[in-house]
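# Results of the structural survey
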Amino acid sequence: MPPGVTWTETAGGFSLLLTLPEGLETAALLPRAQARGVTFTPGDAFFIDGGGERSLRLSFSAVPVSQIDDGMKRLGDAIRDLGRHPDHVRQQIINIVRH
């Protein structure tokens, strides 16, 4: 994972919470990750009082262990790509929401 990304250590369950570095939001990351074959639930769905824009929930219960490393690499690539072009992606999202 790129520098600044943190995640929960799980001792069980079916998912973990990953947090992006300052300045990056999961709404902008999701289409980039999906283009690489990785999807997640944006964290703001789990924060009833607002927040969670930098958090995402990764479910791993239905993913074969053999695919997890590759999926994490692809997610890391999407995060790095977003970090290089955050303003461009933000403007794309604004344009989509306005139409």
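In this report, the structure presented in the accompanying data block is examined. A quick note: this is a predicted structure, and the numbers were derived from the prediction, not measured. (Residues numbered from 1 in each chain as written. Predicted model: local features only at pLDDT ≥ 70, side-chain atom pairs only at ≥ 80, totals over all residues. Heavy atoms only, no water.)

## Side note on the nonpolar core
Residues Leu18, Leu29, Phe40, Leu75 and Ile79 are the most contacted members of the largest nonpolar core, which totals 17 residues. What leucine 75 contacts, discounting residues up to four positions off in sequence, is Met1, Leu18, Leu29, Ala33, Val38, Phe40 and Leu58. (Core = buried A, V, L, I, M, F, W, Y, C linked by side-chain atoms within 4.5 Å. Buried < 20%, exposed > 50% of the residue type's maximum accessible area, 1.4 Å probe, protein only. Contact = heavy atoms within 4.5 Å.)

## Some words on the sheet that holds strand E1 (residues 6–7)
Whether parallel or antiparallel, the strands of a sheet pair through hydrogen bonds between backbone atoms. Spatial ordering of the open sheet is given by E1-E2-E4-E3, a layout of four strands whose pairing is antiparallel. Edge strands, defined here as strands with exactly one partner in the open sheet, are E1 and strand E3 (41–42). The pairing of E3 with strand E4 (residues 55–59) spans two bridges and is antiparallel. Bridge pairing in E4 places proline 42 opposite leucine 56. (Pairing = 2+ DSSP bridges. Helix = DSSP H or I, 4+ residues; strand = E, 2+ residues; numbered from the N terminus.)

## Thoughts on a nonpolar patch on the surface
Taken together, Met1, Trp7 and Met72 make up a surface patch of nonpolar side chains, about 270 Å² in accessible area. Looking at the secondary structure, you find tryptophan 7 in strand E1. Here tryptophan 7 falls in the partly exposed class, since its relative accessible area comes to 44%. (Patch = residues over 30% accessible without salt bridge, like charges linked within 9 Å, V, L, I, M, F, W, Y side chains within 5 Å. Areas by Shrake-Rupley, 256 points an atom, 1.4 Å probe, with all protein chains shown as cover. Salt bridge = Lys/Arg side-chain N within 4 Å of Asp/Glu carboxyl O.)

## A look at the pattern of salt bridges
Considering all chains together, one arrives at seven salt bridges under this definition. For arginine 36, the salt bridge is made with aspartate 81, and the minimal N-O distance between the two is 3.8 Å. In this pair, arginine 36 is assigned in the loop between helix H1 (26–35) and E3 and aspartate 81 in helix H2 (residues 65–84), connecting sequence segments 45 residues apart. Residue arginine 36 is classed as partly exposed on the basis of its relative accessible area of 27%. The residue arginine 80 makes a salt bridge to aspartate 77 at a minimum N-O spacing of 2.9 Å. Placement of both arginine 80 and aspartate 77 in helix H2 is noted, with a separation of three residues, approximately one turn of the helix. Residue class for aspartate 77 comes out partly exposed when judged on its relative accessible area of 24%. When salt bridges that share partners are traced, they join Arg32, Arg36, Asp81 and Arg84 into one network.

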